[in-house]
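The residues making up each chain are set out below.
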Amino acid sequence: EGMAPPQRILFPPEKICMAWQQTQRPGAGLHNLGNTCFLNSVLQCLTYTPPLANYLLSREHSRSCHQQGFCMMCVMEAHVNKVLHSSAGAIQPWTVVNVLTRIGEHFQLGMQEDAHEFLRYTVEAMQRARLSGSSDLDISSQATTIVHQIFGGSLRSRVTCLSCKAISDTYEAFLDIPLDIKAVSSLNEALEDFVKPEQLDGENGYKCSK
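From a predicted model like this one, the values you see are computed outputs, not experimental measurements. (Residues numbered from 1 in each chain as written. Predicted model: local features only at pLDDT ≥ 70, side-chain atom pairs only at ≥ 80, totals over all residues. Heavy atoms only, no water.)

Chemist: Mind showing me how you'd approach the packing of aromatic side chains here?
Modeler: Within a pair of aromatic rings, the relevant descriptors are the distance that separates the centres and the angle that separates the planes. Enumeration over the complete set of coordinates arrives at six aromatic pairs. On the basis of an interplanar angle of 85° and a centroid distance of 5.4 Å, the ring pair of phenylalanine 11 and tyrosine 55 is categorised as edge-to-face. Within this pair, whereas phenylalanine 11 is found in the segment before strand E1 (29-30), its partner tyrosine 55 is found in helix H2 (residues 50-57), the two being separated by 44 residues in sequence. Its relative accessible area of 5% is what places phenylalanine 11 among the buried residues. The buried category is assigned to tyrosine 55, whose relative accessible area is 5%. Measuring from ring centre to ring centre gives 5.4 Å for phenylalanine 107 and tyrosine 121, while their planes differ by 75°; the resulting arrangement is edge-to-face. Separated by 14 residues along the polypeptide, phenylalanine 107 in the loop between helix H6 (100-103) and helix H7 (115-131) and tyrosine 121 in helix H7 bring together distant segments of the chain. (Phe/Tyr/Trp six-rings, centres within 6.5 Å; stacked < 30°, edge-to-face > 60°. Helix = DSSP H or I, 4+ residues; strand = E, 2+ residues; numbered from the N terminus. Buried < 20%, exposed > 50% of the residue type's maximum accessible area, 1.4 Å probe, protein only.)

See the structure below:
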């Protein structure tokens, strides 16, 4: 509602399967390579996200990827296939660790980093990989990558003038939502608090164009 339809569909939504397409036994664990527990925890979460894992296990991405040099989707495809096809109890995640500074230039091997920040950078890098070579895409089309369809969405910000009741809507794509969880007891409560209406006044006052 209110958003222009995409001019191109980059990945058909009907091809995304939310359940495992193949029965998977637990894959290999990940060795800590020196303060890499933040990285390991994020990689395990992504590896066991069924719609993402289904796609990466199919190797559909690498068969059609023409990106030169670093490609986060190729990296994740190699990692997920290694983890889920390994007979070892644990593996060393060098596939990802070796490109740590390509994911985020401030990440350093041996330094403890924030897991949520690493997750954001990793998902954003996967999204950039899926958009590679498509710089002229409209915003709605960019939201049709498999990455955005799994992890993302769109936020509508609506401002209603209290005097004339005029409505102004703006839309922004997101790959994650910052929620305050300290003062709530459930995820639903945190989401409700996030979208709770607020009155704009003082320095935050809104000047109606009408």
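Chemist: How should I be thinking about the pairing of strand E4 (residues 167-174) in this particular structure?
Modeler: If a strand is regular, its side chains alternate between the two faces of the sheet. Across eight bridges, the pairing between strand E3 (residues 153-160) and E4 is antiparallel. The residue bridging leucine 155 from the neighbouring strand is glutamate 172, located in E4. Linking two consecutive strands that pair antiparallel, namely E3 and E4, is a turn of six residues; a positive phi of about 70° is found at lysine 165 within it. (Pairing = 2+ DSSP bridges.)

Chemist: Would you explain H2 in this entry?
Modeler: Side chains three or four residues apart in an α-helix point the same way, a direct result of the helix having 3.6 residues per turn. Counting buried positions along H2 yields eight of eight residues, so the element is predominantly enclosed. When H2 is considered as a whole, its buried residues turn out to be Pro50, Pro51, Leu52, Ala53, Asn54, Tyr55, Leu56 and Leu57. A positive phi of about 60° marks arginine 59, the residue just after H2.

Chemist: Explanation requested: the pattern of salt bridges in the structure shown.
Modeler: Opposite charge on two side chains makes pairing possible when the charged atoms of those side chains draw close. Taken as a whole, this structure holds five salt bridges when the rule is applied. Residue aspartate 176 pairs with arginine 120 through a salt bridge whose shortest N-O separation is 3.6 Å. Here aspartate 176, found in the loop between E4 and helix H10 (187-194), pairs with arginine 120, found in helix H7; they are 56 residues apart in sequence, far enough to count as distant. What makes aspartate 176 partly exposed here is its relative accessible area of 28%. Note on arginine 120: relative accessible area 35%, which makes it partly exposed. The closest approach of N and O atoms between lysine 196 and aspartate 193, which form a salt bridge, is 3.2 Å. Given a relative accessible area of 52%, lysine 196 falls into the exposed group. (Salt bridge = Lys/Arg side-chain N within 4 Å of Asp/Glu carboxyl O.)

Chemist: Honestly, the side chain of histidine 148 in this entry has me stumped. Any pointers?
Modeler: Along the chain, histidine 148 falls in helix H9 (residues 146-151). Not counting chain neighbours up to four residues away, the residues in contact with histidine 148 comprise Gln127, Gln142, Ala143, Gly153, Ala173, Phe174 and Leu175. (Contact = heavy atoms within 4.5 Å.)

Chemist: What is the right way to look at the state of the cysteines in this model?
Modeler: Linking two cysteines covalently via their sulfur atoms produces the bond known as a disulfide. Considering all chains together, one arrives at zero disulfides under this definition. Of all cysteine sulfurs, the one in cysteine 37 lies closest to cysteine 45, which takes part in no disulfide; the gap is 13 Å. Taking the relative accessible area as the measure of exposure, cysteine 45 reaches 54% and is therefore exposed. Looking at the unpaired cysteine 161, the closest cysteine sulfur is the one in cysteine 164, lying at 3.7 Å. Cysteine 161 gets classed as buried once you look at its relative accessible area, which sits at 13%. (Disulfide = S-S within 2.5 Å.)

Chemist: Would you explain the layout of surface pockets in this entry?
Modeler: By volume, the largest pocket is sized at about 750 Å³. Forming the walls of the largest pocket are 21 residues, and the residues nearest its centre are Arg158, Val159, Pro197, Glu198 and Leu200. Among the elements of the structure, E3, E4 and H10 are those that each provide at least two residues to the lining of the largest pocket. If you tally residues by element for the lining of the largest pocket, the top one is E3, at six residues. Partitioned by chemical class, the residues of the lining of the largest pocket number 10 nonpolar, five polar and six charged. Taken together, Arg8, Leu10, His61, Ser64, Cys65, His66, Gln67, Ala129, Arg130, Ser132, Gly133 and Ser134 form the lining of the second largest pocket. Mapped onto the lining of the second largest pocket, the elements with two or more residues apiece are helix H3 (60-64) and H7. (1 Å grid on protein atoms, 1.4 Å probe; cavity = no way out; pocket = protein on both sides within 12 Å on 5 of 7 lines; lining within 4 Å. Points joined across faces, edges and corners; volume = space filled by probe spheres on them. Nonpolar A, V, L, I, M, F, W, Y, C, P; charged D, E, K, R; others polar.)

In short, shape yes, function no, at least from these values alone.
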